[in-house]
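Structural features, examined
One-letter residues, chain by chain:
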Amino acid sequence: MRRSDAVLFTSREETDHENRTVQLIHRAGIARQLGSGLYALAPVGQRVRAKVIARVECEMDAIGGQQVTLPSLNGDDIWRQSGRWESFEGEMLTVESRDGKSLCLAPSHEEGIVSLVDGAVRSYDDLPLLLYQVTKKYRDDHARNGLVRTKEFTMKDAYSLHTSRESLAEWYDRVREAYARIFEEFDLDFAVTAAENEVMGGSGSAEFHALVETGSERVRYCRADGCRFGVTDDSPRGSLSAGDSCPDCGNDLAAGNGIELGHVFKLGTRYSEAMGLTVDAPDGTEQAVVMGSYGIGIERLVQALVAQHADGDGCRWPDGVAPFEVAIVPLSYEGDVREAADRLYEACDPDETLLFDDAGQHIGERFAESDLLGVPWKVVLGNHFSATGEVELESRDGETRYVAVDEVADIVG
Ligand SMILES: [Zn+2]
């Protein structure tokens, strides 16, 4: 994209948002707050969000997930059936339709998934099944910490359906491992905390927390390599504190803040029994479907990436997530330099390249903006280029080398 065409919403001004991560999210043009708990993603944020979602979808597809889209508007009937119309009261946003029916903006989709498969999935033979979607959720929660807690947010939510608890256990582990792979691919430092109902009747639940200073939840976690043990105040072993031994490996626990990225849940027959979801068993009887549910919050994942990877100059991103992969930075966009910059722009993927062609920006501003956005590569066409024909290729971490114009696309591609 040409910088002269791009609407980037970047800003060099300090903001007064609640912490430096949320400030950077605004300054880098990722998102803008429109009201309490209401955020718009700007073009830069939208590009990052799309790449994050693609990565998550890829991992879900790889473990056998099939994508669906459930409506965000749900009738009250299915929520009354599950018994959650009342229990979600206070956090649920409700509306009335023109014919006087009560609807909610779904805060979660267990009821929706049961409605989707009810009558279509009939035999034990049709299971197990893993369905997932990437849709908006709505919760009238107390907004805090930028994209971490908003009233409208995107979730990748998945639901597994089974004929037995053994099958659920197998798929729960499969999704849990996929989640760990996703967060590892994003180079995130995270802990896995057992959540409250793990102690109750064989069902299980775990949360994934990115460890960041600007997180809103208190986490005690193990620092040993490869050990992801963690607890929150709500965990079964929530009284563990910094300095205590890790129950998994014996290393010392540390204390810090976290952003909850994801949650995996063994639901058992909680929803199928309440809503009458059954399949025919091999012996001809009807049996309640055993379920699991699994979620990853997309925008809060973006915020965790910003929080963990940023430096004093702006955003940094794990591979494949930056809003643009390459910035072409000419000292001045004219003459031979302009010609070479245009040639480079065509040779690299123009959709992933930001060509600083805007005459209104001087070179220092171009460098600063590229770093603020976290573009992994800068190709600088300056005095060295004019003298030798070689461009300066600089990584986001400041490593520099000189290469021929024709070599650039191969190196940054
Ligand atoms: Zn440990």
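- In the annotation of an unreviewed UniProt entry, the entry for the protein reads proline--tRNA ligase, and the organism field reads Halovenus salina.
- Recorded in UniProt for the protein, the comment headed Subcellular location (unreviewed entry) runs: "Cytoplasm".

1. Comments concerning the coordination of the zinc ion
- The zinc ion binds to the protein through C222 (SG), C227 (SG), C246 (SG) and C249 (SG), with metal-donor distances spanning 2.2 to 2.4 Å.
- Donor residues for the zinc ion sit on one chain with the sequence pattern C-x4-C-x18-C-x2-C.
- C246 sits in the buried class, given a relative accessible area of 4%.
- When its relative accessible area of 40% is taken as the criterion, C249 is described as partly exposed.

2. Re the nonpolar core
- Within the largest apolar cluster, 64 residues are counted, with the highest numbers of intra-cluster contacts made by I30, V52, Y179, F183 and W317.
- Taken together, domain 1 (20-309) and domain 2 (326-412) each give at least three residues to this core, which thus spans both.
- Not counting residues within four places of it along the chain, the set of residues in contact with I30 comprises I25, A40, L41, A42, V44, G45, V302, V306, C315 and W317.

3. Describing helix α1 (residues 20-27)
- Buried residues dominate α1, accounting for 7 of its 8 residues.
- T21, V22, Q23, L24, I25, H26 and R27 are the residues of α1 that are buried.
- Tucked inside the fold, the buried residues of α1 contact β1 (31-35), β2 (38-41), α8 (298-309) and α10 (363-373).
- Capping of α1 at its N-terminal end is provided by N19; its side-chain oxygen lies 3.0 Å from the backbone amide nitrogen of T21.

4. Overview of the domain arrangement of the protein
- Per the domain assignment, the segments making up the protein are domain 1 (20-309) and domain 2 (326-412).
- For domain 1 and domain 2, the distance between their C-alpha centres works out to 41 Å.
- Residue-level contacts link 6 residues of domain 1 with 4 residues of domain 2.
- Note on domain 1 versus domain 2: buried area summed over both sides is about 410 Å², and carbon and sulfur give 48% of it.
- Connecting domain 1 to domain 2 are 3 salt bridges.
- Of the charged contacts in the structure, one is a salt bridge between R47 and E352, with a shortest N-O distance of 4.0 Å.
- On the surface where domain 1 and domain 2 come into contact, there are 2 residue pairs in polar contact (both at pLDDT 80 or more).
- It is helix α2 (residues 43-62) that provides the largest number of residues to the side of domain 1 that touches domain 2, a total of 3 residues.

5. Some thoughts on the environment of Y172
- Position of Y172 relative to the elements: it lies in helix α6 (residues 165-185).
- Taking C-alpha positions, Y172 is 9.6 Å from M291, a pair spaced 119 residues apart along the chain.

6. Things to note about the pattern of salt bridges
- This structure, assessed with the given rule, holds 28 salt bridges.
- Residue R55 is joined to E185 by a salt bridge in which the shortest nitrogen-to-oxygen separation is 3.8 Å. Residue R55 is located in helix α2, and its partner E185 is located in helix α6; the two are separated by 130 residues in the primary sequence.
- For E185, a relative accessible area of 34% translates into the label partly exposed.
- In this structure, R316 and D397 form a salt bridge, with 3.0 Å as the shortest nitrogen-oxygen distance.

7. Examining the packing of aromatic side chains
- All told, the structure shown has 6 aromatic pairs when counted by the stated rule.
- Ring geometry for W79 and F88: centres 5.8 Å apart, planes at 80°, overall edge-to-face. Both residues of the pair, W79 and F88, belong to the buried class.
- Clustering of aromatic rings is evident, with ring pairs tying together Y179, F183, F190 and F208.

8. Concerning the side chain of Q133
- Tracing the chain through its elements places Q133 in strand β7 (residues 129-138).
- For Q133, a relative accessible area of 0% translates into the label buried.
- Of the polar contacts made by the side chain of Q133, one reaches the side chain of H109; its length is 3.1 Å.
- Not counting chain neighbours up to four residues away, the residues in contact with Q133 comprise Q67, V68, T69, L70, H109, M155, K156 and D157.

9. Let's talk about the pairing of strand β17 (residues 326-330)
- Counting buried positions along β17 gives 5 out of 5 residues, so the element sits mostly inside the fold.
- Here β17 shows no split at all, with V326, I328 and P330 on one side and A327 and V329 on the other all buried.
- Bridge count for β17 against strand β18 (residues 353-355) is 3 bridges, and the pairing is parallel. Bridge pairing in β18 links I328 to L355.
- The parallel pair β17 and β18, bridged by helix α9 (residues 335-347), forms a crossover whose chirality is right-handed.
- Direction of pairing for β17 relative to strand β19 (residues 377-381): parallel, over a ladder of 5 bridges. By the bridge assignment for β19, A327 is matched with K378.

Here is what the cut-offs are and how they apply
- Residues numbered from 1 in each chain as written.
- Predicted model: local features only at pLDDT ≥ 70, side-chain atom pairs only at ≥ 80, totals over all residues.
- Heavy atoms only, no water.
- UniProt positions renumbered as here; feature names shortened; annotations may be inferred.
- Donors = N, O, S within 2.8 Å, 3.2 Å for Na, K, Ca; no water.
- Buried < 20%, exposed > 50% of the residue type's maximum accessible area, 1.4 Å probe, protein only.
- Core = buried A, V, L, I, M, F, W, Y, C linked by side-chain atoms within 4.5 Å.
- Domains from an automatic or database assignment.
- Contact = heavy atoms within 4.5 Å.
- Helix = DSSP H or I, 4+ residues; strand = E, 2+ residues; numbered from the N terminus.
- Polar contact = N/O pair within 3.5 Å; in protein donor to acceptor, adjacent residues only side chain to side chain.
- Buried area = accessible area lost by both parts, 1.4 Å probe.
- Salt bridge = Lys/Arg side-chain N within 4 Å of Asp/Glu carboxyl O.
- Phe/Tyr/Trp six-rings, centres within 6.5 Å; stacked < 30°, edge-to-face > 60°.
- Pairing = 2+ DSSP bridges.
- Right-handed = clockwise from strand over helix to strand, strands pointing away.

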